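As a plain string of letters, each chain reads:
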Amino acid sequence: MARTKLVAGNWKMHGSLATNSALLQDVRKGVAGLTADVAVCVPYPYLDQARGALLGSNVAWGAQDVSEHVQGAYTGEVSAAMLADFGCRYVIVGHSERRSFYGDTDAVVAAKFEAALKSGLVPILCIGETLDERESNVTTAVVTRQLDAVLARCGVAALGQAVVAYEPVWAIGTGRTASPEQAQEVHALIRQRVAREDAGVAAGLRILYGGSMKPGNARELMAQPDIDGGLIGGAALVATDFAAICAAAV
Ligand code: PEP
């Protein structure tokens, strides 16, 4: 099955009204007319700015996290319905920085995934192993465990409306990228795991690679049969780099 590639930028906690304004305009211009789907996931306070700057373009916008709760006394949290109100299409759940710094367990990530889907958002589910785990040869077990938590809570059909991002933790923001072969191996096992539940969902599932993807390595990574795009951190803050990665997603 042909899968349209998706390149999503994760701005993390960067930016200001002034710098975002230029970046959004440059991204909008830089990716116009490309075949890949493109999105930027911005900090909450800038969602309205992203909506205004990107309306009518081929760039979707989204957030970097979401509450697992619908509403109520959860000070500091932002619900999926609120994100939908801002016109978000995507929301990242389970980013390794949320898992390691903020205690998002597999169960919490699955609940956030479900909350996003229920509000009509497309969750980008991040999974991936740490360096220790890779060196201990438990990559398959870790990635499968993270994926299975979502399958158990939401069912395989839910993955038909979602995106998975394989992000080896040791490659995020480190400049150390998984080789195309290393990434492809894990992407294939993710697809096989989903295929055990539903071959059709597996065939249509977009699995992004994230971890120091740059203009110089993007084409080779995304040429792998099971790599359907990228989740981009650092390079998403430089419009020309981000646009070059998007252009490599063919
Ligand atoms: C990320 O934050 O999801 C990421 C992949 O970051 P970087 O591209 O900077 O490694």
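Residues numbered from 1 in each chain as written. Predicted model: local features only at pLDDT ≥ 70, side-chain atom pairs only at ≥ 80, totals over all residues. Heavy atoms only, no water.

### Points about the site of the ligand
- Around the ligand lies a shell of 14 residues, among which K12, E167, G173, S212 and G233 are the nearest.
- At 2.9 Å, a side-chain N or O of H95 approaches an oxygen atom of the ligand.
- Within the complex, the protein chains bury 97% of what would otherwise be the 290 Å² of accessible surface of the ligand. (Near = heavy atom within 4 Å. Polar contact = N/O pair within 3.5 Å; in protein donor to acceptor, adjacent residues only side chain to side chain. Areas by Shrake-Rupley, 256 points an atom, 1.4 Å probe, with all protein chains shown as cover.)

### Concerning the sheet that holds strand β1 (residues 6-10)
- Ordered by their spatial adjacency, eight strands build a closed barrel running β1-β2-β3-β4-β5-β6-β7-β8, and the pairing between neighbours is parallel. Neighbour-to-neighbour, the strand axes of the sheet open up by a mean angle of 25°, direction not taken into account.
- Sheet topology places β1 next to strand β2 (residues 37-41); five bridges connect them, and they run parallel. Across the sheet, the residue bridging to A8 is A39, located in β2. (Pairing = 2+ DSSP bridges. Helix = DSSP H or I, 4+ residues; strand = E, 2+ residues; numbered from the N terminus. Axes fitted to C-alpha atoms, helices over the stretch in contact; angles between N-to-C directions.)

### A word on the packing of aromatic side chains
- Within the structure shown, the criterion is met by two aromatic pairs.
- Arranged with centres 6.4 Å apart and planes meeting at 85°, the rings of F101 and Y102 form a pair that is edge-to-face.
- We classify F101 as exposed; its relative accessible area is 59%.
- Geometry around Y90 places R89 over its ring, the cationic atom sitting 5.5 Å from the centre. (Phe/Tyr/Trp six-rings, centres within 6.5 Å; stacked < 30°, edge-to-face > 60°. Buried < 20%, exposed > 50% of the residue type's maximum accessible area, 1.4 Å probe, protein only. Lys NZ or Arg CZ within 6 Å of the ring centre and 35° of its normal.)

### Section: the environment of N217
- Considering the arrangement of structural elements, one finds N217 in helix α10 (residues 215-222).
- If near-sequence neighbours (up to four positions away) are discounted, N217 is found in contact with T177 and S212.
- Side-chain polar atoms of N217 contact the backbone oxygen of S212, separated by 3.1 Å.
- At 2.7 Å, the side chain of N217 forms a polar contact with the backbone nitrogen of K214. (Contact = heavy atoms within 4.5 Å.)

### Things to note about the side chain of K112
- Mapped onto the secondary structure, K112 falls in helix α5 (residues 106-118).
- In this structure K112 comes out as buried when scored by relative accessible area, which is 3%.
- Reaching out from K112, the side chain makes a polar contact with the side chain of D65 at a distance of 3.0 Å.
- One polar contact links K112 to D104, side chain to side chain, over a distance of 2.8 Å.
- In this structure, K112 is in contact with D65, V66, S67, E68, V93 and D104, ignoring residues within four places of it in sequence.

### A closer look at the environment of I92
- Within the element layout of this structure, I92 appears in strand β4 (residues 90-93).
- Those residues in contact with I92 that sit more than four places away from it in its chain are N10, C41, A63, Q64, D65, I124, C126 and L231.

### So, the pattern of salt bridges
- Within this structure, the stated rule accounts for 16 salt bridges.
- It is possible to trace a salt-bridge network through shared partners that takes in R3, R191, D226 and D228. (Salt bridge = Lys/Arg side-chain N within 4 Å of Asp/Glu carboxyl O.)

### Points about the pairing of β2
- Counting buried residues along β2, four of its five residues qualify, which places the element largely inside the surrounding structure.
- Between the parallel pair β1 and β2, the chain is carried across by helix α1 (residues 17-31), and the sense of this crossover is right-handed. (Right-handed = clockwise from strand over helix to strand, strands pointing away.)

### Considering the side chain of R206
- Among the structural elements, R206 can be located in strand β7 (residues 206-210).
- Within the structure, the side chain of R206 is placed 2.8 Å from the side chain of D37, a separation counted as a polar contact.
- Residue contacts for R206: discarding those within four places in its chain leaves R3, T4, K5, L6, D37, Y90, V163, V164 and D228.

By themselves, these observations are geometric and do not establish any function.
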